[in-house]
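Residue-level structural notes
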Amino acid sequence: MNRNPQERYDGVSRAFHWGTAILVGWQVLKFFDRINDGEHWVGQTLVPPHVSIGVLLLVLVVLRIAWAVKQKDRRPSQDPATALAVKAGHFLLYAAMVLMPITGILYMVGNGHGLDAFGIGLVAEGEKVAWMASLGSLHSPIAWTLLVLVVGHVGIALYHHFIRGDGVLRRMA
Ligand code: HEM
Ligand code: HEM
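1. Overview of the overall build of the protein
A count of helices and strands for the protein gives 7 helices and 2 strands. Counting from the amino terminus, the protein carries its helices and strands in the arrangement α-α-α-α-β-β-α-α-α. Reported as C-alpha extents along the three principal axes, the dimensions of the protein are approximately 50 × 35 × 25 Å. Within the protein, the proportion of its 173 residues that are buried is 32%. Long-range pairs, those at least 24 residues apart, make up 69% of the contacts in the protein with a sequence separation of at least 6. Summing over all exposed atoms, the protein offers an accessible surface of approximately 11,000 Å²; the carbon and sulfur share of this is 69%. In the protein, which carries 15 positive and 11 negative side-chain charges, the distance between the mean positions of the two groups comes to 13 Å.

Structure, rendered in structure tokens:
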């Protein structure tokens, strides 16, 4: 039990934050496939489990959001001057984390590839489904948006820590 909810995120929230942060970081390595058609060490070693990790992330993010909602009155308090912007920024991060795997799945199923995660067949290969494929084509633009959000988020966290010298980064550490 978190004894001082105003000062620090509880252990479950911190585990969800860093677990999903590492996996999202891993997923954006998929951008490396743009280099040399994926014919390099990142594309060959770290990118192949993209779909499996994406499906795992969908499960983790849903659990993370359920936990955040349950804990909503026990989160560290925000500076009232920036509270609205912080709320909006965190909401967009959550939204992008949900939409990435959903559009990824729509891309795979909509283009008739089916869906496998960790060797388990979830959806068999089949006919193309135009509406799914067209929603799935939002995967890449949302990935770019998520990348910008994450760079901004990390930049703000580092600004708090090294320039403002306040305890904001330590609340999640
Ligand atoms: C949070 C989860 C995910 C993140 C952060 C993520 C991120 C990315 C990124 C950064 C790209 C490269 C886009 C580009 O080069 O323009 C990409 C492409 C792709 N992702 Fe994901 N992805 C996630 C989940 C998934 C899932 C669950 C699936 C499938 C079920 C999937 C399937 C694909 C496919 C097929 C591509 C290639 C699309 C293309 O070539 O146009 N992704 N993803
Ligand atoms: C080095 C990387 C990262 C650092 C240093 C970091 C730091 C932090 C800190 C300090 C907070 C608490 C902010 C506050 O209380 O006002 C936070 C919250 C949050 N972070 Fe990160 N973060 C990182 C990566 C990520 C990534 C990759 C994502 C998702 C894609 C993410 C999503 C979130 C979300 C959604 C919250 C809000 C939690 C809530 O209040 O429900 N973070 N992060």
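There's plenty left to go through after this.
2. What to know about the confidence of the model for the protein
Scored by pLDDT, the protein has a mean of 95; 97% of the residues are at 70 or more. Per-residue pLDDT stays below 50 along residues 1-5; that stretch engages in 8 contacts with residues further than four places along the chain or on separate chains.

3. Topic: the site of ligand 2
Within the structure, ligand 2 sits among 20 residues, and His17, Arg75, Tyr94, His153 and Arg171 are positioned closest to it. Side-chain polar atom of Tyr94 to an oxygen atom of ligand 2: 2.5 Å apart, as the coordinates give it. Contributing elements (two or more residues each) for the shell around ligand 2: helix H1 (11-27), helix H4 (83-110), helix H6 (139-164) and helix H7 (168-172). For the shell around ligand 2, the per-class residue count stands at 13 nonpolar, 4 polar and 3 charged.

Parameters at a glance
- Residues numbered from 1 in each chain as written.
- Chains lettered and ligands numbered in written order.
- Predicted model: local features only at pLDDT ≥ 70, side-chain atom pairs only at ≥ 80, totals over all residues.
- Heavy atoms only, no water.
- Helix = DSSP H or I, 4+ residues; strand = E, 2+ residues; numbered from the N terminus.
- Buried < 20%, exposed > 50% of the residue type's maximum accessible area, 1.4 Å probe, protein only.
- Contact = heavy atoms within 4.5 Å.
- Areas by Shrake-Rupley, 256 points an atom, 1.4 Å probe, with all protein chains shown as cover.
- Lys, Arg positive; Asp, Glu negative; His and termini not counted.
- Charge placed at Lys NZ, Arg CZ, Asp CG, Glu CD.
- pLDDT = per-residue confidence, 0-100.
- Near = heavy atom within 4 Å.
- Polar contact = N/O pair within 3.5 Å; in protein donor to acceptor, adjacent residues only side chain to side chain.
- Nonpolar A, V, L, I, M, F, W, Y, C, P; charged D, E, K, R; others polar.

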